[in-house]
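Coordinates in review
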Amino acid sequence: MAKGRIRVRLKSFDYRVLDSTCEQLLDTALRTGAKIAGPIPLPTKRSLITVPRSTFTDKNSQESFEIKVHKRIVEIIEPTDKTIDSLMHLELPAGVDIEVKM
């Protein structure tokens, strides 16, 4: 029997993909009999990038771009051996960065 907690930290640019991944994790963990805390939303990191439209003449004409990184934490409080095995074989979508701490 595995003891302790498993903390799964998820990052993505698209919040819809991130939420569906959280649902997959929750379904898998609940099916195997583990207790869960989360998903806990963390603050969204927002990066603004400003680029001039022309090479050097018009400084006042600029374009702005924004990148948002959405983050969630899912804690699996009482994982079983089945939980760990099923999480290892879980098919997750591309575009989601996953960190697992035990």
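Check the entry above for the structure.
What this report covers is the structure whose coordinates are included nearby. Here the structure is a predicted model, which is why all the values come from computation and not from measurement.

1. Side note on the side chain of Thr83
As for its placement among the helices and strands, Thr83 is situated in helix H2 (residues 81–88). A polar atom in the side chain of Thr83 sits 2.7 Å from the side chain of Thr32. Ignoring anything within four residues of it in the chain, the contact list for Thr83 reads Ala29, Thr32, Ala34 and Ile76.

2. Examining the pattern of salt bridges
For the structure on display, the rule yields six salt bridges. Residues Glu75 and Arg5 are paired through a salt bridge, measuring 2.7 Å at the closest nitrogen-oxygen approach. With Glu75 in strand S3 (residues 62–76) and Arg5 in the segment before strand S1 (6–12), this pair connects stretches of sequence that are 70 residues apart. Through salt bridges that share partners, Arg5, Arg7 and Glu75 make up one connected network.

3. A word on the packing of aromatic side chains
This model, assessed by the stated rule, comprises zero aromatic pairs. One cation-aromatic arrangement involves Arg16 over Tyr15; the distance from NZ or CZ to the ring centre is 5.6 Å.

4. So, the sheet that holds strand S2 (residues 36–52)
Taken in spatial order, the four strands make up an open sheet running S2-S3-S1-S4, and their pairing is antiparallel. Among the strands making up the open sheet, the edge pair consists of S2 and strand S4 (96–101). The average undirected angle you get between the axes of adjacent strands in this sheet is 15°. As paired strands, S1 and S4 are joined by six bridges and run antiparallel to one another. Each residue of the ladder has a partner; that of Arg7, found in S4, is Lys101.

5. Brief notes about the environment of Glu99
Residue position: Glu99 is located in strand S4. A residue is classified by how much of its surface remains accessible, and Glu99, at 35% relative accessible area, is partly exposed. Distance from Glu99 to Leu10, taken between C-alpha atoms, is 6.6 Å for residues 89 residues apart in sequence.

6. Section: the nonpolar core
Note on soluble globular proteins: their nonpolar side chains tend to be buried together. Among the nonpolar cores identified, the biggest contains 13 residues, and Val8, Leu10, Leu25 and Ile76 are the most heavily contacted of them. Contributions of two or more residues to this core are made by S1, helix H1 (15–31) and S3. Tallying contributions element by element places H1 first for this core, with five residues. Once residues within four sequence positions are removed from consideration, Leu25 is found in contact with Val8, Leu10, Ile36, Leu87 and Leu90.

7. Topic: the environment of Asp58
Looking at the secondary structure, you find Asp58 in the loop between S2 and S3. Along the backbone, Asp58 and Glu78 are 20 residues apart, and their C-alpha atoms lie at a distance of 60 Å.

8. As for the layout of surface pockets
Considering only enclosed or pocket space, the largest pocket measures out at about 190 Å³ in volume. Every residue lining the largest pocket is listed: Ile6, Val8, Leu25, Ile84, Leu87, Met88, Leu90, Leu92, Ile98, Val100 and Met102. At the level of secondary structure, the elements contributing two or more residues to the lining of the largest pocket comprise S1, H2 and S4. Ranked by residues supplied to the lining of the largest pocket, first place goes to H2 with three residues.

Basis of the calculations
- Residues take numbers from 1 onward in each chain, read along the sequence in its written order.
- Reporting in this predicted model follows two pLDDT cut-offs: at least 70 for local features of residues, and 80 or more for side-chain atom pairs to be given and counted; totals over whole chains, interfaces and linings ignore these cut-offs and use all residues.
- Based on all heavy atoms of the structure, the side-chain values leave hydrogens and waters out of the count.
- For the purposes of this entry, the term helix denotes a DSSP run of H or I that reaches at least four residues, the term strand denotes a run of E that reaches at least two, and both are numbered from the N terminus.
- We define a polar contact as two N or O atoms separated by no more than 3.5 Å, with the added condition that, inside protein, one atom must be a possible hydrogen donor and the other a possible acceptor, whereas residues neighbouring each other in sequence contribute only through side-chain atom pairs.
- The criterion used for residue contact is that any of the two residues' heavy atoms lie within 4.5 Å.
- Between Lys or Arg on one side and Asp or Glu on the other, a salt bridge is scored when a side-chain nitrogen of the former is within 4 Å of a carboxyl oxygen of the latter.
- Note on aromatic contacts: the rings of Phe and Tyr and the six-membered ring of Trp form a pair at centre separations within 6.5 Å, being stacked when their planes are under 30 degrees apart, edge-to-face when over 60 apart, and tilted otherwise.
- The criterion for a charge sitting over a ring is simple: Lys NZ or Arg CZ within 6 Å of the ring centre, and within 35 degrees of the ring normal.
- We treat two strands as partners when DSSP finds at least two bridges between them.
- The angle between two axes is taken between their N-to-C directions and runs from 0 to 180 degrees, where each axis is a line fitted to C-alpha atoms and a helix contributes only its stretch in contact.
- Remark: exposure states derive from per-residue accessible area (1.4 Å probe, protein chains only) relative to the maximum for the residue type, with buried under 20%, exposed over 50%, and partly exposed in between.
- Side-chain atoms within 4.5 Å are what join buried Ala, Val, Leu, Ile, Met, Phe, Trp, Tyr and Cys residues into a set we call a nonpolar core.
- Points on a 1 Å grid over protein atoms alone make up a cavity when a 1.4 Å probe fits among them but cannot get out, and a pocket when they form an open set with protein on both sides within 12 Å along at least five of seven lines; lining residues each have an atom within 4 Å of a point.
- Grid points are joined across faces, edges and corners, and a volume is the space filled by probe spheres set on the points.

By themselves, these are just geometric observations and shouldn't be taken as functional.
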